[in-house]
Amino acid sequence: MPTKYIFITGGVVSSLGKGLAAASIGRLMEARGFGVTLQKLDPYLNVDPGTMSPYQHGEVYVTEDGVETDLDLGHYERFTSSVSTRDHNFTSGRIYEQVIAKERRGDYLGGTVQVIPHVTDEIKMSIRKISKGVDIQIVEIGGTVGDIESLPFLEAIRQFRLEVGRTDAVFVHLTLVPYIGASGELKTKPTQHSVRDLRAIGIQPDVLLCRTDRFIPKEIKKKIALFCNVPEDAVITAKDVETIYEVPLVLAREGLDAILLKLLDLPYRDKNMDDWVRMVEKIKNPSGGEVAIGIVGKYVTYEDSYKSLNEALSHGGIANDVRVKLRWIEADNLGDGQLAEAIAPCHGILVPGGFGIRGVNGMLETIRHARERKIPFFGICLGLQCAIIEFARNVCGLKDADSAEFNPATPHPVIYKLRELEGVERMGGNMRLGKWPCVLQKGSQAQQAYARTDISERHRHRYEVNREYLDAMLKKGLRVTGETPDQRFVEIVEIPDHPYFLSCQFHPEFKSKPMLPHPLFRSFVGACKQFRQTQR
């Protein structure tokens, strides 16, 4: 059977949820026994999102093979069994980079290099790169129909369908059907205009996913079908839901997966979503109540900056049958005695990753507060580095201890830059990235959480723990419980005489799934639940 393709586009406004729609379709197709892979094509000119501000782009998701990619790839991996690589996310910048490299080599034999056919051919080649051995490939086109930068991608998928045939590729368009409270009506005009723009460039959508806050009545679906030239049963309500993991269930209720099977001429197979239904029920109705976790970071005003972290904490809640309430605390705002008040309602504290000195003082004071008050604490990446600095200053007496990132002149650089990166000022892709092995110390909290001693986790950082200062810290009670097999890099540190004080240099949130919560998030949320019970 040839690979079938589902192309997902979006209209009207950005952030409608194309990534979640793609991931949910992947989940439904897997539930019917098909092998799927998912890909994101982004129209911006950055080669990858690694150098982009979290406030503009949100989280940078890191793959196993060490590539900085779009956050939607996190949704793909959480919802399905698909494992993403560098070829699962292409940007305009990367496409043009490859076209220009070919032109410089003379691959085009002196021809004039143009958007059509050269750029569109490169896009089509990028789609085919991951097609081998899968039943269905779902390709999400970033941006919004009508954006000038999206046009080469839309033209490429128009050509692609012409090449593979109608039964091997379908177009799914996500659009907005807003409810106007003053008139008490659902409005279809934005959807009509969006489809009109799509048809103007040669793409007729086969299915419309209509994002709305309520189920769309039959008469409205009939109107949308008439004006947008799609069958009425292919007008699907993409309703707002309580949890993102409910999206596949809503789309299944609307019959989306059955429609896609028919359009792609795929054999009908019964689907089994029972385990997913039970998981969603557990999220919505936990028997263990609620725990509050404070996230003290530097990008908390834009929650997409910590998308995987947010979801991994939710997964930890599923494993402990509790609802995790996140309290976003801006690290910059913890001066003048505000820290105790901000932390007071929390049953646990998490300091996540980040770059630069802004907010670090607030993080250091937060960690000190958690260490001294015996509040469960979990540090990730920068969180580990701040935990090392705090311990060196306040327990080991190294008052000027710091990271070389924050103070290059510090007499005690307890955190320092990777030696192989000294003198490298280029920003993109020059970190310790992707999967690295780690050996856990037997009997540690980390080893008990994982129930094994050999693990691998994904990294994204430039600075490391300076081992020259470890002896002094170990004598004061710090414990290194995870290292690379060659003992070159410190991966996990703990404080044993504490309910839960664990920090890791890697990003465990990237490997957590709702059906398979990450061990460290499971154990951390469990510690927070236990701490809540002791506070009653």
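Refer to the preceding data block for the structure.
Rules behind the numbers
Residues numbered from 1 in each chain as written. Predicted model: local features only at pLDDT ≥ 70, side-chain atom pairs only at ≥ 80, totals over all residues. Heavy atoms only, no water. Axes fitted to C-alpha atoms, helices over the stretch in contact; angles between N-to-C directions. Helix = DSSP H or I, 4+ residues; strand = E, 2+ residues; numbered from the N terminus. Parallel < 35°, antiparallel > 145°, perpendicular 65-115°, else oblique. Left-handed = near helix turned anticlockwise from the far one by under 90°. Contact = heavy atoms within 4.5 Å. Nonpolar A, V, L, I, M, F, W, Y, C, P; charged D, E, K, R; others polar. Polar contact = N/O pair within 3.5 Å; in protein donor to acceptor, adjacent residues only side chain to side chain. Buried < 20%, exposed > 50% of the residue type's maximum accessible area, 1.4 Å probe, protein only. Lys, Arg positive; Asp, Glu negative; His and termini not counted. Salt bridge = Lys/Arg side-chain N within 4 Å of Asp/Glu carboxyl O. Pairing = 2+ DSSP bridges. Core = buried A, V, L, I, M, F, W, Y, C linked by side-chain atoms within 4.5 Å.

**Q** Explain the packing of helix H1 (residues 18-31) against helix H3 (residues 72-79) to me, please; I cannot follow it from the model alone.
**A** The packing of two helices is summarised by the inter-axis angle and the distance between the axes. Look at H1 against H3: their axes get within 9 Å of each other, and the N-to-C directions meet at 20°. Regarding the angle of H1 to H3, the classification is roughly parallel. Where H1 crosses over H3, the handedness of that crossing is right-handed. Here Gly-19, Leu-20, Ala-22, Ala-23, Ser-24 and Arg-27 of H1 come into contact with H3, specifically with Asp-72, His-75, Tyr-76 and Phe-79. When its residues are assigned to classes, the contact of H1 with H3 shows 5 nonpolar, 3 polar and 2 charged.

**Q** I would appreciate a short explanation of the environment of Phe-391 in the present structure.
**A** Residue placement: Phe-391 occurs in helix H15 (residues 382-394). The spatial distance from the C-alpha of Phe-391 to the C-alpha of Leu-364 is 9.3 Å, given a sequence separation of 27 residues. Those residues in contact with Phe-391 that lie beyond four places of it in its chain are Arg-371, Cys-396, Met-473, Lys-476, Gly-477, Leu-478 and Ile-495.

**Q** Which parts of the structure should I look at to understand the environment of Asp-42?
**A** The residue Asp-42 is located in strand S2 (residues 36-42) in this model. Between the C-alpha atoms of Asp-42 and Phe-406, which are 364 residues apart in sequence, the distance is 33 Å. Look past the residues within four positions of Asp-42 in its chain and what remains in contact with it is Asp-70, Asn-89, Phe-90, Thr-91, Ser-92, Gly-142 and Phe-153. Here the side chain of Asp-42 touches Asn-89 through a polar contact of 3.5 Å, side chain to side chain.

**Q** What is the right way to look at the side chain of Arg-78 in this model?
**A** Note that Arg-78 resides in helix H3. Glu-59 provides the closest opposite charge to the buried, unpaired Arg-78, separated from it by 5.2 Å. At a separation of 2.9 Å, a polar atom in the side chain of Arg-78 contacts the side chain of Ser-308. Once residues lying within four places of it in the same chain are set aside, the contact partners of Arg-78 are Tyr-61, Leu-71, Tyr-245, Trp-276, Lys-307, Ser-308, Glu-311, His-315, Ser-512, Lys-513 and Pro-514.

**Q** Which parts of the structure should I look at to understand the sheet that holds strand S20 (residues 463-465)?
**A** Pairing between the strands of a sheet is mediated by backbone hydrogen bonds and can be parallel or antiparallel. Read across the sheet, 3 strands follow the order S16-S17-S20 without closing on themselves; strand pairing throughout is mixed. With partners counted over all chains shown, the strands left at the sheet margins are strand S16 (401-403) and S20, one partner each. Across this sheet, the average inter-strand angle for adjacent strands is 30°, counted without regard to direction.

**Q** Mind showing me how you'd approach the sheet that holds strand S1 (residues 4-10) here?
**A** Taken in spatial order, the 7 strands make up an open sheet running S5-S2-S6-S1-S7-S10-S11, and their pairing is parallel. Where the open sheet ends on each side, the last strands, each with one partner, are strand S5 (89-91) and strand S11 (235-239). Neighbouring strand axes in the sheet, compared pairwise and without regard to direction, differ in orientation by 20° on average. When S2 meets S5, the two strands line up parallel, connected through 3 bridges.

**Q** Is there a simple way to explain unusual backbone geometry in this structure?
**A** With the exception of glycine, the majority of residues adopt a negative phi angle, and the majority of peptide bonds are in the trans configuration. The peptide bond linking Ile-116 to Pro-117 adopts the cis configuration, its omega dihedral lying at 15°. Position of Pro-117 relative to the elements: it lies in helix H5 (residues 115-128). A positive phi angle is found at Cys-381, which is not glycine, with a value near 60°. Within the element layout of this structure, Cys-381 appears in the loop between strand S15 (377-380) and H15.

**Q** Before we go on, may I ask you to explain the nonpolar core in this structure?
**A** Most often, soluble globular proteins have nonpolar side chains that are buried together. In this structure, Ile-6, Val-207, Leu-209 and Leu-260 are the most contacted members of the largest nonpolar core, which totals 49 residues. No other element matches the 8 residues that H1 contributes to this core. With residues near it in sequence (within four places) discarded, Ile-6 still touches Ile-25, Ile-136, Gln-137, Ile-138, Val-139, Val-170, Val-172, Leu-260 and Leu-264. With 43 residues, the next largest nonpolar core counts Ala-331, Leu-364, Val-465 and Leu-470 among its residues.

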